Amino acid sequence: GPQIEAVQSGETIFQRDALVPIYRDGVLTDVYWTYSYSPVRDAEGRVAGVLVVCSDTTDEVVSSSRLRSTEERFRHLFENSSIGFVLADLEGTITYLNSFMLNLLGYTAGEVAAGKVRWTEITPPEYAEADARAVEQLLATGRAEPYEKAYVARNGRRISLLLSATMLQKADGTQEVAGLFTEISDLRRAENALRHSEKLAAVGRLASSVAHEINNPLEAMTNCLYLLSTDLHGPDAPAYLALAQEELNRVAAITTQTLRFHRQSHPREVRFPDLLNGVLTTFQGRFFSAKIEVCQRMREAPPVLCYDGDVRQVLANLLSNALDASRNGGKLYLRSQLGTHWRTGRPGLHITVADTGHGMSPEVRARIFESFFTTKDATGTGLGLWITCEILNRHGASIRVRSRQGEPLHGTVVSVWFPFDAARRP
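Caption draft 1: Up close: the overall build of the chain. Counting its secondary structure elements, the chain contains twelve helices and 17 strands. Within the span of the chain, comprising 426 residues, buried residues form 38% of the whole. Across the chain, contacts joining residues at least 24 apart in sequence account for 58% of those joining residues at least 6 apart. Approximately 24,900 Å² of the chain is accessible, and the part contributed by carbon and sulfur atoms is 55%.

Structure below.
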């Protein structure tokens, strides 16, 4: 009524998406309309009628309402999630951080809106190569494979993150990157604790082997000194002294090799036969007690640049596993030869540790690199091969395991490929 009266006074009425319920099939239905009322004048200029132009916009209104509702739901989800959500451009400017990331990094929404937060500036330099690869993937396929990186918060704290990124198309035709971040700092601390735990367990096993190895020459030295004390000037005295010196040298060699089982802060060039012989020295007593014959064939090869303390731990883990699998005797085969990586063609060294032990079932073989998985019951931590795999990955090396059970052939073959410049590349 009031709108018609206004038109009769000469006004034009326009309404957008107004709710005007109507009866459809006898049912009063909410219908939204966009309409106009315009005066129609006669020859004398008086309002003689009304022109009504209307359009049913119910579908658009309902869709827009649903879209707003969905947008609010997702906004609530992003703002209250324990997962970080970031919008940024490829040039390095962050345009949006959800509440989780704002609290994590220590910035305000106003600083982000003003373009004062750049992901290129809060990323440590060592992750520049990984970020560059992700940008290449985004430009090529629209998404980047998940990868680990870190941000440095405003207070200087380094935060470990797992990132998954996708390219989005904005309304103006430009592109932006959407990133989902999961904080993994606690996970990294837990992994470091596990590594330390396994290191302590390895030290315990090593101490047991060293004690066994040192005990034998000490007993021989005790006997020699006793015989020497009973016949100090006799004709056999020089022989007793020589034998005691030989056993003392053996103790010194075992001690020297044991002291090398520590982590170096800098890599150095070493020859694998020297590494392997050093580790074998600490296991010699266990091999003898288990009646295991060690068969070596080490080919000449250039030195390998590596963290030799870590590599000694790898070799010790492999030899210890072979010993545990061959408790009733057998043979242990150790081989090294020049070779290239089967996929990349990169030159390196192939190391083989093979035993004639009881072997592994396919089910066990599929899980040997899982943390805490062990077949040694109370004597195993389940971390040895997990740490081994991590050390090899850190050196750019690779490992393959084959195993077989049953008669007449049984045992396990572990093949490790090591690049010569292992410690130069991440």
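Now that the structure has been shown, we can carry on.
Caption draft 2: Summary view of the pattern of salt bridges. What the rule picks out here adds up to eleven salt bridges. Residue R154 is joined to E111 by a salt bridge in which the shortest nitrogen-to-oxygen separation is 2.6 Å. In this pair, R154 is assigned in the loop between β8 (143-152) and β9 (158-169) and E111 in helix α4 (residues 109-113), connecting sequence segments 43 residues apart. On the accessibility criterion, R154 (47% relative accessible area) is partly exposed. Across the salt bridge formed by K149 and D131, the nearest N and O atoms sit 3.0 Å from each other. Of the two residues, K149 is situated in strand β8 and D131 in helix α6 (residues 128-141); the sequence distance between them amounts to 18 residues.

Caption draft 3: Representation of the sheet that holds strand β12 (residues 292-298) within the structure. Taken in spatial order, the five strands line up as β12-β14-β15-β17-β16 in an open sheet, and their pairing is mixed. The open sheet terminates on both sides in strands that have one partner only, identified here as β12 and β16 (398-404). For this sheet, the mean inter-axis angle between neighbouring strands, taken without regard to orientation, is 15°.

Caption draft 4: Local environment of unusual backbone geometry. With a phi angle near 50°, D17 is a residue other than glycine that sits in the positive phi range. In this structure, D17 sits in strand β1 (residues 13-19). Look at D17 and you get partly exposed, because its relative accessible area is 34%. With a phi close to 55°, K291 is a non-glycine residue in the positive phi region. The residue K291 is located in the loop between α9 (272-289) and β12 in this model.

Caption draft 5: Focus on the environment of G10. Residue position: G10 is located in the loop between α1 (2-8) and β1. The exposure class of G10 is partly exposed, given its relative accessible area of 27%. Distance in space between the C-alpha atoms of G10 and R46 is 8.6 Å, their sequence separation being 36 residues. Not counting the four nearest positions on each side in its chain, G10 is found in contact with P39, R41 and V47.

Caption draft 6: Structural context of a nonpolar patch on the surface. A contiguous nonpolar patch, built from I4, V50 and V52 and spanning about 190 Å² of accessible area, is present on the exposed surface. In this fold, V52 is placed in strand β5 (residues 47-56). Since its relative accessible area comes to 45%, V52 is described here as partly exposed.

Caption draft 7: View of the nonpolar core. In this structure, F272, F287, L319, L332, V416 and F418 are the most contacted members of the largest nonpolar core, which totals 40 residues. Of all the secondary-structure elements, those providing two or more residues to this core are α9, β13 (304-306), α10 (308-325), β14 (330-340), β15 (347-355), α12 (384-394), β16 and β17 (411-419). Take this core: its biggest share by element is eight residues, from α10. Excluding anything up to four places from it in sequence, V416 contacts L318, L349, H350, I351, L392, S398 and I399.

Caption draft 8: Broad picture of the confidence of the model for the chain. Taken as a whole, the chain shows an average pLDDT of 82; of its residues, 85% reach a score of 70 or greater. Element-level mean pLDDT values for the chain span from 66 in helix α7 (residues 185-230) up to 94 in strand β4 (residues 32-41).

Caption draft 9: Highlighting the packing of α10 against α12. Relative to each other, α10 and α12 sit at 145°, their axes nearing to 10 Å. Handedness of the α10/α12 crossing: left-handed. Only G384, L385, I387, T388, I391, L392 and R394 of α12 make contact with α10, whose side of the interface consists of D310, Q313, V314, N317, L318 and N321. Here the contact of α10 with α12 is built from residues that sort into six nonpolar, five polar and two charged.

The rules behind each value
Residues numbered from 1 in each chain as written. Predicted model: local features only at pLDDT ≥ 70, side-chain atom pairs only at ≥ 80, totals over all residues. Heavy atoms only, no water. Helix = DSSP H or I, 4+ residues; strand = E, 2+ residues; numbered from the N terminus. Buried < 20%, exposed > 50% of the residue type's maximum accessible area, 1.4 Å probe, protein only. Contact = heavy atoms within 4.5 Å. Areas by Shrake-Rupley, 256 points an atom, 1.4 Å probe, with all protein chains shown as cover. Salt bridge = Lys/Arg side-chain N within 4 Å of Asp/Glu carboxyl O. Pairing = 2+ DSSP bridges. Axes fitted to C-alpha atoms, helices over the stretch in contact; angles between N-to-C directions. Patch = residues over 30% accessible without salt bridge, like charges linked within 9 Å, V, L, I, M, F, W, Y side chains within 5 Å. Core = buried A, V, L, I, M, F, W, Y, C linked by side-chain atoms within 4.5 Å. pLDDT = per-residue confidence, 0-100. Left-handed = near helix turned anticlockwise from the far one by under 90°. Nonpolar A, V, L, I, M, F, W, Y, C, P; charged D, E, K, R; others polar.

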